[in-house]
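# Fold and geometry: a report
Here is what each chain is made of, one letter per residue.
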Amino acid sequence: MPVPRITLGSLFHQSVIAFRTNFAQSFSIALVGHTVMLVFSWSLGNLHLMLDNSPPTHFDISLIAVYTVNFVIEMFLTGSIMFGVIQHLSGSKVTISQCMYAGLSVLFPLIVVSILAGVGIVFGSLLLLVPGLILMVMWSVVGPVTVAERPKDMTAGFRRSRDLTKGARWTIFVGFLCYLFIFAIFTVGIGYFSERFSLSVIPYTLFIIIKQSILLVVVVVLLSVLYSALSIAKDNTGIEEEA
């Protein structure tokens, strides 16, 4: 049986289908989670952290608490949505409660690998940028590996991601560049929209929650599709491309 080839076209096609099919469930999970994050930030007087991208002018306990709790919730949402998308790509259908249970069960390892990958990429970027880019591509599916395969130790997840991406890293890198380009256009459009219509606080808050939820779903779908495609190419796991 021939091994499928990883191309940007096939990844885009599968991503569009997966986004369309899983949007209602994934968006619902993300929307609830981001609403909880907003309420928590508001309760500690740090609502501005979610409403704009300006850096904080000071650090205190409440600010650290907001960043920590929001990060944990974001990882929980990522794991929950990723589980649902990967299950869909493998031909299974799961409920929101099953997704959230899976997200909770992989929360700690997903937090750890995300922090380790982030630290490694940052330090690699300090070395003339190129090592950081290499690590970013090489570890691009460590999150999906952690959610779908639940390796016994953290290093196994990184090794698995390295093995899966081998031979397809240029394609992944170009895909990342395309995503960043589209994201930049989207961000400029969102900025223009918010300034053009001068939304009041409540509509603008809802707008931000919806925007962040959609962006999270998009990123998770892209990573899940990439992982599934790489699994087919490397392992012939039986995850089939949808027509």
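Going by the structure above, here's the rest.
Below or above, wherever it landed, is the structure these notes cover. Predicted model only: the values in this text are computed from it and were never measured. (Residues numbered from 1 in each chain as written. Predicted model: local features only at pLDDT ≥ 70, side-chain atom pairs only at ≥ 80, totals over all residues. Heavy atoms only, no water.)

## Some words on the nonpolar core
Threshold: Among buried residues, the Ala, Val, Leu, Ile, Met, Phe, Trp, Tyr and Cys ones that are joined through side-chain atoms within 4.5 Å form a nonpolar core. Think of it in three bands: residues with accessible area under 20% of the maximum for their type are buried, residues over 50% are exposed, and the middle band is partly exposed, with areas taken using a 1.4 Å probe on protein chains only. Numbering of helices and strands runs from the N terminus; a helix is a DSSP stretch of H or I covering at least four residues, while a strand is a stretch of E covering at least two. Residue contacts are defined here by distance: any two heavy atoms, one from each residue, within 4.5 Å place the two residues in contact.
Counting 47 residues, the largest nonpolar core has Ile81, Trp139, Val141 and Leu230 as its most contacted members. Elements supplying a minimum of two residues to this core: helix H1 (8-43), helix H3 (61-89), helix H4 (96-105), helix H5 (107-126), helix H6 (130-138), helix H7 (142-149), helix H8 (154-165) and helix H10 (201-235). In this view, Val141 contacts Ser161, Leu164, Thr165, Leu223, Leu226, Tyr227 and Leu230; residues no more than four positions away in its chain are not counted.

## Section: the environment of Ala229
One can find Ala229 in helix H10. Judged by its relative accessible area of 5%, Ala229 is buried. Along the chain, Ala229 and Leu164 lie 65 residues apart, while their C-alpha atoms are 9.5 Å from each other.

## What about the packing of aromatic side chains?
Applicable threshold: Between the rings of Phe, Tyr and Trp (Trp by its six-membered ring), a pair exists once the centres lie within 6.5 Å; its type follows the angle of the planes, with under 30 degrees stacked, over 60 edge-to-face, and the other angles tilted.
Enumeration over the complete set of coordinates arrives at 5 aromatic pairs. When the ring of Trp139 is compared with that of Phe158, the centres are 4.9 Å apart and the planes differ by 70°; the resulting orientation is edge-to-face. With a gap of 19 residues between them, Trp139 in the loop between H6 and H7 and Phe158 in helix H8 connect regions that are remote in the sequence. Overall, the relative accessible area of 12% leaves Phe158 in the buried class. Taking 6.0 Å as the distance between ring centres and 25° as the angle between the ring planes, the aromatic pair formed by Tyr179 and Phe183 counts as stacked. Of the two residues, Tyr179 and Phe183 both sit in helix H9 (residues 169-197), 4 residues apart, roughly one turn of that helix. A relative accessible area of 26% means that Tyr179 is categorised as partly exposed.

## Focus: the packing of H5 against H7
Describing two packed helices takes the angle between their axes plus the distance from one axis to the other. To keep things clear, this is the line we draw: Only C-alpha atoms enter the line fits that serve as axes; for helices the fit covers just the stretch in contact. Angles between N-to-C directions range over 0 to 180 degrees. If an angle is under 35 degrees, it is roughly parallel; if it is over 145, roughly antiparallel; if it lies from 65 to 115, roughly perpendicular; otherwise it is oblique. By convention, the crossing between two helices is left-handed when the near helix turns anticlockwise from the far helix through less than a right angle, and right-handed when the turn is clockwise. We call Asp, Glu, Lys and Arg charged. Ala, Val, Leu, Ile, Met, Phe, Trp, Tyr, Cys and Pro are nonpolar, and the rest, Gly among them, are polar.
Remark: H5 packs on H7, axes separated minimally by 10 Å, with the N-to-C direction vectors making an angle of 160°. Taken together, the axes of H5 and H7 lie roughly antiparallel to each other. As for the relative orientation of H5 and H7, their crossing is right-handed in sense. Contacts from Pro109, Leu110 and Val113 of H5 reach H7 at Val142, Gly143, Thr146 and Val147. Per-class residue counts for the contact of H5 with H7 are 5 nonpolar, 2 polar and no charged.

Interpretation in functional terms is not warranted from these geometric data alone.
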